[in-house]
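Below are the chains, spelled out letter by letter.
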Amino acid sequence: MTGQARIERRGDVAPLTPRVIKFLVEALSGKSLDSKESSEQLRPDYVCLGGRLAVEIKTLEEDATARLDNFTDELRLRNDWPEIYGSVPLQAVLKNMGDSDNLQKKALDRIGRAIVSHVRKANKQLRAHAEKSGQKNLVKLLILINEDHEIYEPHIVAFALQRALTRKDNGIFVYADVNAVLYLTERHA
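**Q** Please set out the nonpolar core residue by residue, giving values where relevant.
**A** Membership of the largest hydrophobic core comes to 31 residues, with the highest contact counts inside it found for Ile-115 and Tyr-152. Of all the elements in the fold, those that place two or more residues in this core are α2 (65-75), α3 (90-94), α4 (100-133), β4 (139-146) and α5 (154-165). The leading source of residues in this core is α4, at 8 residues.

**Q** If you had to explain the pairing of strand β3 (residues 53-59) to someone new, which residues and values would you point to?
**A** Along β3, 7 of the 7 residues are buried, which leaves the element largely enclosed by surrounding structure. Residues Leu-53, Val-55, Ile-57 and Thr-59 line one face of β3 and the alternating positions Ala-54, Glu-56 and Lys-58 line the opposite face, and both faces are buried. In terms of strand pairing, strand β2 (residues 46-48) meets β3 through 3 bridges, oriented antiparallel. When the sheet's bridge partners are listed, Val-47 is paired in β3 with Ala-54. In textbook terms, the turn of a hairpin is the stretch between consecutive antiparallel strands, and for β2 and β3 this stretch comprises 4 residues, one of which, Leu-49, has a positive phi near 55°. One ladder, built from 7 bridges, connects β3 with β4; its direction is parallel.

**Q** Any chance you could break down a positive patch on the surface for me, citing the residues and the numbers?
**A** Side chains of Arg-120, Lys-121, Lys-124 and Arg-167 sit close together on the surface and give a patch of like positive charge. The topology assignment puts Arg-120 in helix α4.

**Q** An account of the packing of aromatic side chains is requested, with residue identities and associated values reported.
**A** All chains considered together, the criterion is met by 0 aromatic pairs. Its guanidinium or amino end placed over the ring of Phe-173, Lys-168 lies 4.7 Å from that ring's centre, counting from NZ or CZ.

**Q** Account for unusual backbone geometry, with residues named and values stated.
**A** Phi at Leu-49 takes a positive value of approximately 55°, unusual for a residue other than glycine. Note on placement: Leu-49 falls in the loop between β2 and β3. Despite not being glycine, Asn-137 has its phi angle at roughly 60°, a positive value. Within the secondary structure, Asn-137 sits in the loop between α4 and β4.

**Q** How would you explain the pattern of salt bridges if you had to name every residue and give the values?
**A** Between side chains of opposite charge, a pair can form when the charged atoms approach closely. Counted according to the given criterion, the structure contains 9 salt bridges. Its salt-bridge partner being Arg-19, residue Glu-186 comes within 3.0 Å of it at the nearest N-O pair. Remark: Arg-19 occurs in helix α1 (residues 16-27) and Glu-186 occurs in the segment after β7 (180-185); sequence separation between them is 167 residues. A relative accessible area of 29% places Glu-186 in the partly exposed class. Here Asp-109 ties to Lys-105 by a salt bridge, and the two come within 3.3 Å at their closest N and O atoms. Here the residue Asp-109 and the residue Lys-105 both occupy positions in helix α4, the gap between them amounting to 4 residues, near one helical turn. Judged by relative accessible area, which is 29%, Asp-109 ranks as partly exposed. Shared partners join several salt bridges into a network, and the residues in it are Lys-105, Asp-109 and Arg-163.

**Q** Before we move on, can you summarise α4 with the specific residues and values?
**A** Helix length check: α4, at 34 residues, gives a terminal C-alpha distance of 47 Å against a target of 50 Å (1.5 Å per residue), a fit within 8%. For α4, the principal kink sits at Gly-112 and spans about 50°.

**Q** Residues and numbers for the environment of Leu-49, please.
**A** A relative accessible area of 36% places Leu-49 in the partly exposed class. For the pair Leu-49 and Gly-30, spaced 19 residues apart in sequence, the C-alpha to C-alpha distance is 6.8 Å. Excluding anything up to four places from it in sequence, Leu-49 contacts Leu-28 and Ser-29.

**Q** Got a sec to walk through the sheet that holds β7? Specific residues and values, please.
**A** With mixed pairing, the 5 strands of this open sheet are ordered in space as β1-β2-β3-β4-β7. In the strand order of this sheet, the two ends are held by β1 (31-32) and β7, each with one partner. Against the sheet, α5 makes contact with β4 and β7, and its axis sits at roughly 160° relative to β7, the strand it touches most.

Calculation notes
- Residues numbered from 1 in each chain as written.
- Predicted model: local features only at pLDDT ≥ 70, side-chain atom pairs only at ≥ 80, totals over all residues.
- Heavy atoms only, no water.
- Core = buried A, V, L, I, M, F, W, Y, C linked by side-chain atoms within 4.5 Å.
- Buried < 20%, exposed > 50% of the residue type's maximum accessible area, 1.4 Å probe, protein only.
- Helix = DSSP H or I, 4+ residues; strand = E, 2+ residues; numbered from the N terminus.
- Pairing = 2+ DSSP bridges.
- Patch = residues over 30% accessible without salt bridge, like charges linked within 9 Å, V, L, I, M, F, W, Y side chains within 5 Å.
- Areas by Shrake-Rupley, 256 points an atom, 1.4 Å probe, with all protein chains shown as cover.
- Salt bridge = Lys/Arg side-chain N within 4 Å of Asp/Glu carboxyl O.
- Lys, Arg positive; Asp, Glu negative; His and termini not counted.
- Charge placed at Lys NZ, Arg CZ, Asp CG, Glu CD.
- Phe/Tyr/Trp six-rings, centres within 6.5 Å; stacked < 30°, edge-to-face > 60°.
- Lys NZ or Arg CZ within 6 Å of the ring centre and 35° of its normal.
- Expected span 1.5 Å × (residues − 1).
- Bend = angle between axes of the 7 residues up to and from the residue.
- Contact = heavy atoms within 4.5 Å.
- Axes fitted to C-alpha atoms, helices over the stretch in contact; angles between N-to-C directions.

As C-alpha coordinates, this is what we get:
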(Lines give C-alpha, C1' and ligand atoms only; values in the text may rest on other atoms or scores of the structure.)
Protein backbone atom coordinates (compact mmCIF):
# COMPACT_ATOMS: atom_id res chain seq x y z
CA MET A 1 0.00 0.00 0.00
CA THR A 2 1.39 3.42 -0.90
CA GLY A 3 0.58 6.74 0.71
CA GLN A 4 -1.04 7.26 4.04
CA ALA A 5 -4.03 5.38 5.36
CA ARG A 6 -6.77 7.49 6.85
CA ILE A 7 -8.59 6.03 9.82
CA GLU A 8 -11.69 7.66 11.19
CA ARG A 9 -13.77 6.53 14.13
CA ARG A 10 -17.53 6.31 13.87
CA GLY A 11 -20.00 6.28 16.73
CA ASP A 12 -19.97 7.71 20.22
CA VAL A 13 -17.02 7.86 22.55
CA ALA A 14 -16.58 9.20 26.05
CA PRO A 15 -15.62 12.90 26.04
CA LEU A 16 -11.89 13.64 26.18
CA THR A 17 -12.01 16.80 28.27
CA PRO A 18 -12.88 15.11 31.60
CA ARG A 19 -10.11 12.56 31.03
CA VAL A 20 -7.58 15.31 30.30
CA ILE A 21 -8.61 17.16 33.47
CA LYS A 22 -8.28 13.96 35.50
CA PHE A 23 -4.77 13.47 34.11
CA LEU A 24 -3.76 17.04 34.93
CA VAL A 25 -5.03 16.75 38.49
CA GLU A 26 -3.88 13.22 39.30
CA ALA A 27 -0.66 12.82 37.32
CA LEU A 28 0.63 16.41 37.27
CA SER A 29 -0.71 17.65 40.63
CA GLY A 30 -2.83 20.20 38.78
CA LYS A 31 -4.75 22.89 40.59
CA SER A 32 -7.80 24.43 38.95
CA LEU A 33 -7.75 28.20 38.71
CA ASP A 34 -11.44 28.27 37.87
CA SER A 35 -13.33 29.82 40.73
CA LYS A 36 -17.03 30.39 41.10
CA GLU A 37 -16.29 33.57 43.05
CA SER A 38 -13.89 34.96 40.44
CA SER A 39 -15.17 36.34 37.17
CA GLU A 40 -11.62 37.00 35.99
CA GLN A 41 -11.19 35.48 32.54
CA LEU A 42 -7.49 36.25 32.10
CA ARG A 43 -6.11 33.14 33.74
CA PRO A 44 -5.38 29.62 32.54
CA ASP A 45 -7.51 26.66 33.60
CA TYR A 46 -4.81 24.80 35.56
CA VAL A 47 -1.37 25.18 37.03
CA CYS A 48 0.61 21.98 37.43
CA LEU A 49 3.97 20.75 38.67
CA GLY A 50 4.17 23.20 41.52
CA GLY A 51 3.19 26.16 39.36
CA ARG A 52 5.84 25.56 36.69
CA LEU A 53 3.25 24.55 34.06
CA ALA A 54 0.25 26.71 33.14
CA VAL A 55 -2.39 24.89 31.11
CA GLU A 56 -5.26 26.35 29.13
CA ILE A 57 -7.78 23.87 27.74
CA LYS A 58 -9.75 24.82 24.64
CA THR A 59 -12.33 22.56 23.05
CA LEU A 60 -13.23 22.64 19.37
CA GLU A 61 -16.97 22.71 19.89
CA GLU A 62 -17.89 24.72 16.82
CA ASP A 63 -18.27 22.60 13.71
CA ALA A 64 -16.63 24.40 10.78
CA THR A 65 -18.65 22.37 8.27
CA ALA A 66 -21.16 25.20 7.73
CA ARG A 67 -18.37 27.69 6.95
CA LEU A 68 -16.82 25.22 4.53
CA ASP A 69 -20.21 24.54 2.93
CA ASN A 70 -20.62 28.29 2.30
CA PHE A 71 -17.21 28.30 0.63
CA THR A 72 -18.06 25.35 -1.63
CA ASP A 73 -21.38 26.99 -2.52
CA GLU A 74 -19.36 29.98 -3.79
CA LEU A 75 -17.06 27.65 -5.74
CA ARG A 76 -19.95 25.82 -7.40
CA LEU A 77 -20.74 29.05 -9.29
CA ARG A 78 -17.35 28.91 -11.02
CA ASN A 79 -16.96 27.53 -14.53
CA ASP A 80 -14.14 25.19 -13.47
CA TRP A 81 -16.19 23.47 -10.73
CA PRO A 82 -16.43 19.80 -11.81
CA GLU A 83 -19.52 17.64 -12.05
CA ILE A 84 -19.28 15.37 -9.04
CA TYR A 85 -21.14 12.12 -8.57
CA GLY A 86 -20.78 10.72 -5.10
CA SER A 87 -18.49 11.87 -2.35
CA VAL A 88 -15.10 13.42 -3.10
CA PRO A 89 -12.72 15.12 -0.64
CA LEU A 90 -12.67 18.88 -1.17
CA GLN A 91 -8.88 18.89 -1.47
CA ALA A 92 -9.11 16.55 -4.48
CA VAL A 93 -11.48 18.98 -6.21
CA LEU A 94 -9.51 22.12 -5.36
CA LYS A 95 -6.18 20.79 -6.61
CA ASN A 96 -7.67 20.48 -10.11
CA MET A 97 -9.19 23.96 -10.23
CA GLY A 98 -7.59 27.17 -11.47
CA ASP A 99 -5.83 29.10 -8.68
CA SER A 100 -5.62 25.86 -6.70
CA ASP A 101 -3.11 27.06 -4.09
CA ASN A 102 -5.15 30.16 -3.25
CA LEU A 103 -8.40 28.13 -3.02
CA GLN A 104 -6.80 25.57 -0.72
CA LYS A 105 -5.47 28.38 1.50
CA LYS A 106 -8.96 29.93 1.69
CA ALA A 107 -10.51 26.56 2.61
CA LEU A 108 -7.93 26.04 5.36
CA ASP A 109 -8.53 29.57 6.64
CA ARG A 110 -12.25 28.85 6.95
CA ILE A 111 -11.64 25.61 8.82
CA GLY A 112 -8.87 27.10 10.96
CA ARG A 113 -10.76 30.18 12.13
CA ALA A 114 -11.89 28.56 15.40
CA ILE A 115 -8.38 27.22 16.01
CA VAL A 116 -6.78 30.66 15.62
CA SER A 117 -9.45 32.16 17.88
CA HIS A 118 -8.60 29.62 20.59
CA VAL A 119 -4.86 30.34 20.23
CA ARG A 120 -5.51 34.09 20.53
CA LYS A 121 -7.59 33.69 23.70
CA ALA A 122 -5.17 31.21 25.27
CA ASN A 123 -2.24 33.52 24.52
CA LYS A 124 -3.92 36.36 26.45
CA GLN A 125 -4.79 34.10 29.38
CA LEU A 126 -1.33 32.55 29.61
CA ARG A 127 0.39 35.94 29.29
CA ALA A 128 -1.73 37.44 32.07
CA HIS A 129 -0.98 34.49 34.35
CA ALA A 130 2.76 34.66 33.65
CA GLU A 131 2.82 38.38 34.47
CA LYS A 132 0.70 37.94 37.60
CA SER A 133 2.51 34.86 38.95
CA GLY A 134 6.04 36.09 38.38
CA GLN A 135 7.04 32.42 37.99
CA LYS A 136 10.39 32.12 36.24
CA ASN A 137 10.71 29.48 33.51
CA LEU A 138 6.95 28.98 33.35
CA VAL A 139 5.90 26.62 30.57
CA LYS A 140 2.62 27.76 28.99
CA LEU A 141 0.66 24.95 27.35
CA LEU A 142 -2.50 25.06 25.25
CA ILE A 143 -4.37 21.75 25.11
CA LEU A 144 -6.67 21.82 22.10
CA ILE A 145 -9.33 19.12 22.17
CA ASN A 146 -11.50 17.93 19.31
CA GLU A 147 -14.36 16.17 21.03
CA ASP A 148 -15.88 14.78 17.86
CA HIS A 149 -15.71 16.88 14.67
CA GLU A 150 -14.65 15.06 11.52
CA ILE A 151 -13.49 18.25 9.80
CA TYR A 152 -10.65 18.91 12.28
CA GLU A 153 -8.24 16.38 10.82
CA PRO A 154 -4.82 16.41 12.53
CA HIS A 155 -2.91 17.63 9.47
CA ILE A 156 -5.34 20.54 8.99
CA VAL A 157 -5.15 21.49 12.67
CA ALA A 158 -1.35 21.25 12.60
CA PHE A 159 -1.21 23.51 9.54
CA ALA A 160 -3.52 26.11 11.14
CA LEU A 161 -1.54 26.00 14.39
CA GLN A 162 1.79 26.34 12.60
CA ARG A 163 0.56 29.36 10.66
CA ALA A 164 -0.82 30.99 13.81
CA LEU A 165 2.19 30.32 16.02
CA THR A 166 4.75 31.49 13.44
CA ARG A 167 2.83 34.68 12.60
CA LYS A 168 4.81 37.84 13.28
CA ASP A 169 3.86 41.48 13.58
CA ASN A 170 6.76 43.93 13.24
CA GLY A 171 9.20 41.03 13.67
CA ILE A 172 7.62 39.83 16.93
CA PHE A 173 5.68 36.60 17.28
CA VAL A 174 2.01 37.45 17.79
CA TYR A 175 1.25 34.45 20.00
CA ALA A 176 4.56 34.19 21.87
CA ASP A 177 2.90 33.28 25.17
CA VAL A 178 1.86 29.85 23.95
CA ASN A 179 4.99 27.71 24.37
CA ALA A 180 3.42 24.45 23.22
CA VAL A 181 0.17 23.03 21.90
CA LEU A 182 -1.09 19.52 22.47
CA TYR A 183 -3.86 18.52 20.06
CA LEU A 184 -6.03 15.59 21.13
CA THR A 185 -8.69 13.80 19.11
CA GLU A 186 -10.21 10.36 19.06
CA ARG A 187 -12.09 10.98 15.84
CA HIS A 188 -8.95 10.52 13.73
CA ALA A 189 -5.95 8.22 13.92
